[in-house]
Structures are given as C-alpha cells and as structure tokens.
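Residue-level structure breakdown
For reference, the chains in residue letters:
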Amino acid sequence: MANENIKNTGQQKSPPPAETDAGARSISEALKISFLILKLIMIALVIFFLASGFKTIKTDERAIILRFGKIHGRGEARILKPRTWPYWVFPYPVDQFIKIPVEKTIDLNVDSFWYFQTEEEKLSSEKKKVPPDVPLNPLIDGYSLTRSEPYAENLRASGDSDYNILHSRWKLICQISDPESFFKNVFTQDIKSGEKYIDVIKRDLTSLLTDVVDSSVVTAMVNYTIDEAFEKGGTVSEHVKNLVQKQFDQMESGIRVVSVQRIDVTWPLQVDDAFQASISASQAKQTEINDARNYAQNTLNETAGPVAAELAAALHNKDANDAYLESLWSALAGKCREIISQAGAYRMKVVSDASANANYLTQILPEYQKRPQLVVQAIYKNAIAKILTKADEKILIEPAKSDKGSVIYIKVNRDPKLVNKPKEKTQE
Amino acid sequence: MKSIAVAILVVLVVIVLVMALISFQVRQTESALVTTFGKATRQITEPGLYFRWPPPIQQIYKFDSRLRVFEADLTETTTKGAVPIIVNTYVVWKIADPNKFLNSVGSTSAAEVKLHSQMNETQSNVIGQYSFSEFVNSDPKKIRIQEIQDKMLSSLQNSVREAYGMEVKALGIKQLKISADVSKDVFNRMRGERNTITEKTIAEGKAEAVAIRTQADAQKTELLAAAQARAKAIMGQGDAEAAKYYEMLQADPELAMFLRDVEVLPEILKDRSTYIINTDKDPFSLLREMPNLQPKK
C-alpha cells in the first residue's frame, strides 16, 4: 500500500522515465553479482588461508612449529615426525612450520693441511717434486705438526724443537641429530625462493665445520709421531672425530659426527727421498726376515716335519707328559724319522738274524756232528764262491815251479771298477 | 545481518592493524631490545609475543642470537722462550646481551673488528705463557695444547662478555705453523731421523733374520740329537732281544762262530775287491789239472 502511495505520488509529481528504472535495476543487479563474487572470493580466500595451514614432513625430515616465534609444544612433542596424515598449523604470522633435514648427511672435504698445488698439479696424477732446500710457505702450504720419536730426542745435541711436519687431507661426514638445538643455535641464512634448506645448511656451515675440523686435527696430531700417524690412521681419525664432536656438543649445535676420515696423508715432499729409503729398508727388513723364516721352516721340516717346532719346545718343557711326547714322536717326519726308522729296521734285522742263525745252527748241528769235515768244507767253499763271484777283479797266479819262486808285480787299482771305463771318459 | 558481518570484519581488520602496531614477535633464534624515546627499557632474550607502544614511542631492535664463526688472520707470535710460531684461531660467538651489544658494538661487522683485536691480545698473552715444547713434545704428557686453547677461550669469554655483550662459545687453533726458515731446519732434522731409522731398520732385519736362522739350526741339532738318542735306545732293545737267541748257539760255539764268519765275510768284501789267488787253491786247481777222483769203496 505504501509502495503504491509512493508510486502514485511520484507519478503525480514527476513520473520517472522507464529507462531510469531499468538502469537502477541493472546497477542493483550488478552490485548483487559483485557482492556475490566478492563473497565467493572471500570464502575462497578463507578456504585457501585455512588450507595453507596443512603441512607434510618427508621421511628424512623433522619439523618444529614456531608459535608467535616460540617453539610450540613440550618435551618430545616439540619435534614433529613424518606421519601418514598432514599437520595443520595456523598460517603466518601465528605459526611458522620449520622443516629440518635430519637424515641427509653433510659431507665436507678439508684440505687445510695439504701442500699448495696449482690447478694443473691437482689434475695431474704424478706426485709433485719439490727440491729438498725449498721451505714451506706458511701462508699457502698447509700442514700439521706431529711429535718426534722419543728416541730422537736423545740423538740431538742441543734442545732443538722436537716435532715433525705432516700433510693430510680429511673428510667430515655429519648430520643434524637434534633439530631443535640446531635451529636455535646454528646460524644459517633464511631460505630464499627455490632453495633447499639442506643446500643452505651446507653452504652456511662450511666455515664452521672446516674450522672445527682444523682445530681438532691440530690438537690431535701433536699427540702422534709421524710413523704413528701413518700406521694408526684409524686411531688418529677416531681421536679427531671425538674432538670434533666435543666442540659441536660444547656449542650445543645439535650436529652429530658420523665419521671423520683421513683420505690422504704424506710426509713433506722435501724429505721424500729419505722416507722412500726408509720404506725400502722396511721392505728389505721384511724380506730378510721372511727369507730367514722360510729357511727355518724348511730346516725344521727337513729335520722333523710339521711337528718339529712343537717337539723342540716339548723337549724343553719339563712338564710335557709322556703321552704327548709319544704323539709327537709318532708324527715325526724328515731326517729324524729316517734315523728312528733305521733304528727300528736295525732292531728287526738284528733280532731276525740272531733268530735265523740260531735256527740254522740247530738244524745243521746233527749233520755236522755226523760229518764235520764235509759240512764245514761245503759251507766254506760256498762262501768263497760267493765272495769271488762278487769280486771286481780276480788275478790268478801260477805258482813257481822252481824252489826260489818268482816275483810278480801287480798294479792294483784302488777302485777296480775304473779299469773297465773307457780311456776318454776317464780323462774327462 | 549484513551490517553485523561488515561490522565484525571491520573490527577484525582494526584489531589486526592495532595488534600490528602494538605487538611484536621475538623468534626462538632472536633476542630483542626495546627502547622508549631512545632509552633502552627492556631486554628480551626469551622468544614469544610481546606488546609495545607504537612508534615513535618505542623502537624494537632485534638481534640474531645464533652462533656465528669468526676467523682471525694468520698471525706470528712468540711463545715463552721467544720461539716464533704462526697461529690461526677461530671463535664461535653469539650476542648474549643485546643492550650492551647495541651500545658498545652496534653491528655484526663491528663486532668482528672488536673480536679480532681481542683475539690478537688474548692469543699473544696466553701463548706467551707457554713454551713451544708445551704445544708439541716427544713426551705426550708434556703436551698442553688443549689447555692453551681452553685458557684462551676463558680469557676471551671474560673480556668480550663484559665489554661487548658477546658470548664466546668455542675457540680453537686451526693452524699451528712455523716460519719458512725454520721449516728448512725441520726438514734437515727429519731427514737425519729418517736416515737413522733406515739404518736401524736394516740392522734390526739382519739381527732378527740371524736369530731366526740360529734358532732353527739349534732346534735342528737338538731334534737330531734327540732322534739319535731314541734310535740308540731302539737299537739297544734290538740287541737285547737278539741276545736271547745266543743261548741256542751254546750247543756248538765253534761252529756257531764259523757260521757267523762265513755269513759276514761276503758282506764285508762285496765292493771294490781285488783277489790275487794261487791256482793251487781249490777250486782254481781245476784250472791246472783234472782232479784224480776214485770212487769210495
């Protein structure tokens, strides 16, 4: 009714044109649509705002939430682990979701203790040659000091410094073990768009890690002689690793050392000849000892076989029991076995000969008692025949017919067998 | 209804704007200093949300409180006993007292300048108290390099904390070197030591080899002697066993000895023998004439 009144009143005063009504309606419609679109955009923004709070963590990561800048949660709940459904956090500025790579290792090569090399020398596989009188330049040549051999101190006439110089190269492998401590205490630049946090960490930590390894190597190496540094590489690396870890712990860095490896080590190139000679001497020493051991082994094997050393030791051992000694004697070989075997053979022979002779006498005795002359003569002639059959030379002499007899000179060779040999062969 | 929603939105926007003006966050990695009309009125070292008066009443200065590394230059200094050494030291530090740091230092780069100066002084003072043989010594018990570093750390911590509001968490000697001229002397000594070791090694090798050979020869002699003794015992047993049969020879000892002679004589004369025999001996008499045999009646 009121609308109608207005309408009527309006019509009476100045009736609006039909175009104006249409325009107003259009504007009204446009506004409605605009509001609707705006509303939808706002709803979309709210949805986007809320959805942006969903976060996931990869298996090699851990995460912390900063709520108004402070790490959120208590105890172990402060460190978020990967799970099958996402985490939801309030978007910035309320919360910040910080993901920290904990499984990935940070590898760092440390060349601070290596001698200076040009790029060309680094690429070359040949060892650099340096004349003996060229000093090390402390500004460009890296090295560490090692203590001297204790006996070397006695060799010196004066109280000179007692240390040696050693070049070495190292590799540090570490990882983040305590994400909270690492995040709180270790400085890294903010991650820029397109960067990975692990790359930022590697870049920003290079200086710190290198310094810590350098310091640990300097501190550790003075405790070893140069020979120990070569021979006990594992011990030295472990020592350095412990010192590195100690420093990381002291800083509460949350970094764990996985390993410290000494990847290369050498004496100064200026003394290369002396060290090479020393190595050759060590090899010669080993060869000489090995030769002697071979000689000893062969000698004992030839003498008594594999049980030689054991038997020799047992002969000196007053506590060695008879059964044990007998077992060794029975396992004997070589020359000793031969001697024992010969003795055994002699024993058997002498017994069997005695037995045979006794039996022979017993058997022949009755016949001998009947015809002694004939039996003795037969045995005697058989024996002479046996002797002469085996003789190398037999010279028969016709007895002289005169009473005076005759003198015969016979040249008797000491070795009758040589007579039969050809003349040429004898001359040879 | 619409007007209520708009009102809420406006209120929210206003709240956000007001909060932005009157609050600030201090992150876990930061510390902060609040100044009121330029005067430091609050120092914040714990993270969280804090309120403030809007500028220009209060200003907020934030500092990154994480660890930073600073390396000094390679420096030549002298130990007790005036032995020159070249050292390079690094420190790990952080801002511990924002107020003091802002007033006395101001920035990280300025802090490093201060640190450099302090490190040089500390290095010189502490190293000057130790002789070079306490850095490196043939007797490991006399080495005090860790103690030297700890002392430098302690000294530096005290000086920079009080003066600059900085905390030094770690310090280490990352290079310990000698001058170029001294390195030549070291090489000569290393060469001499190595030559001594070489000669010693050769001599040890020879001595050890001789010892091994001698021991083997001695063991050989012992084993042979033991084997011969055992053999003699076995042979003795054989002779003893054989003697039991001699009783049987008592039946006719003369015949027994004859048989024994007949047995051993061919054995004795079996090699390298020449016999010169008259043909009047049997059986060679056959060579001279036919025997005159008559049948026995």
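Quick note: structure is the one above.
Reference entry: report on the structure contained in this document. Worth saying up front: this structure is predicted, and the values here are computed from it rather than measured.

1. Section: the side chain of glutamate 180 of chain A
- With respect to the helices and strands, the residue glutamate 180 of chain A is situated in helix H5 (residues 179-185).
- Contacts of glutamate 180 of chain A, omitting those with residues within four sequence positions, involve Ile71, Arg78 and Ile79 of chain A.

2. Here we look at the sheet that holds strand E5 (residues 58-64) of chain B
Residues and elements named next belong to chain B.
- Pairing within the open sheet is antiparallel, and its three strands lie in the order E3-E2-E5. Strands at the two margins of the open sheet, each flanked by one partner only, are strand E3 (39-44) and E5. Across the sheet, the mean angle separating the axes of adjacent strands is 25° when strand polarity is ignored.

3. Considering the pairing of strand E2 (residues 30-36) of chain B
Residue and element names in this part refer to chain B.
- Across the seven residues that make up E2, a large majority, seven, are buried.
- Here E2 runs beside E5; their pairing, made up of seven bridges, is antiparallel. Looking across to E5, one finds that serine 31 is bridged to phenylalanine 63.
- Note that E2 and E3 share five bridges and pair antiparallel. Of the residues in E3, the one forming a bridge with threonine 35 is alanine 40.
- Counting the residues in the hairpin turn of E2 and E3 gives two residues, including phenylalanine 37, whose phi is positive at 50°.

4. Topic: the packing of helix H13 (residues 372-390) of chain A against helix H6 (residues 253-268) of chain B
- In the contact formed by H13 of chain A and H6 of chain B, the axes pass within 9 Å of each other and the chain directions differ by 10°. When the axis of H13 of chain A is compared with that of H6 of chain B, the two are roughly parallel. Across the interface between the two elements, Val376, Ile379, Tyr380, Ala383, Lys386 and Ile387 of chain A of H13 of chain A pack against Phe258, Leu259, Val262, Leu265 and Pro266 of chain B of H6 of chain B.
- Its residues assigned to classes, the contact of H13 of chain A with H6 of chain B comprises ten nonpolar, no polar and one charged.

5. Points about the packing of aromatic side chains
- Counted under the stated rule, the structure contains ten aromatic pairs over all chains.
- A network of ring pairs unites the aromatic residues Tyr163 of chain A together with Phe132 and Phe135 of chain B as a single cluster.
- Here the guanidinium or amino end of arginine 83 of chain A rests over the ring plane of tyrosine 87 of chain A, the centre of that ring lying 3.6 Å away.
- The ring of tyrosine 143 of chain A has lysine 177 of chain B sitting right over it, with the charged end atom 5.6 Å from the ring centre.

6. Considerations on the interface of chain A and chain B
- If you look at the interface, chain A gives 133 residues, while chain B gives 113 residues.
- Regarding the contact of chain A and chain B, the summed buried area is about 11,300 Å², with carbon and sulfur atoms giving 64% of it.
- Summed over the shared surface of chain A and chain B, the number is eight salt bridges.
- Where aspartate 214 of chain A meets lysine 174 of chain B, a salt bridge forms, and the shortest distance between an N and an O atom there is 3.4 Å.
- One can count 40 residue pairs in polar contact (both at pLDDT 80 or more) joining chain A with chain B.
- Looking at the side of chain A that touches chain B, the element that brings in the most residues is helix H12 (residues 334-370) of chain A, giving 21 residues.
- Looking at the side of chain A that touches chain B, its residues break down into 76 nonpolar, 27 polar and 30 charged.
- Bridge analysis of strand E10 (residues 393-397) of chain A against strand E10 (residues 274-278) of chain B gives five bridges, and the strand direction is parallel. Among the inter-strand pairings, isoleucine 395 of chain A is bridged to a residue of E10 of chain B, identified as isoleucine 276 of chain B.

Cut-offs applied
Residues numbered from 1 in each chain as written. Chains lettered and ligands numbered in written order. Predicted model: local features only at pLDDT ≥ 70, side-chain atom pairs only at ≥ 80, totals over all residues. Heavy atoms only, no water. Helix = DSSP H or I, 4+ residues; strand = E, 2+ residues; numbered from the N terminus. Contact = heavy atoms within 4.5 Å. Pairing = 2+ DSSP bridges. Axes fitted to C-alpha atoms, helices over the stretch in contact; angles between N-to-C directions. Buried < 20%, exposed > 50% of the residue type's maximum accessible area, 1.4 Å probe, protein only. Parallel < 35°, antiparallel > 145°, perpendicular 65-115°, else oblique. Nonpolar A, V, L, I, M, F, W, Y, C, P; charged D, E, K, R; others polar. Phe/Tyr/Trp six-rings, centres within 6.5 Å; stacked < 30°, edge-to-face > 60°. Lys NZ or Arg CZ within 6 Å of the ring centre and 35° of its normal. Buried area = accessible area lost by both parts, 1.4 Å probe. Salt bridge = Lys/Arg side-chain N within 4 Å of Asp/Glu carboxyl O. Polar contact = N/O pair within 3.5 Å; in protein donor to acceptor, adjacent residues only side chain to side chain.

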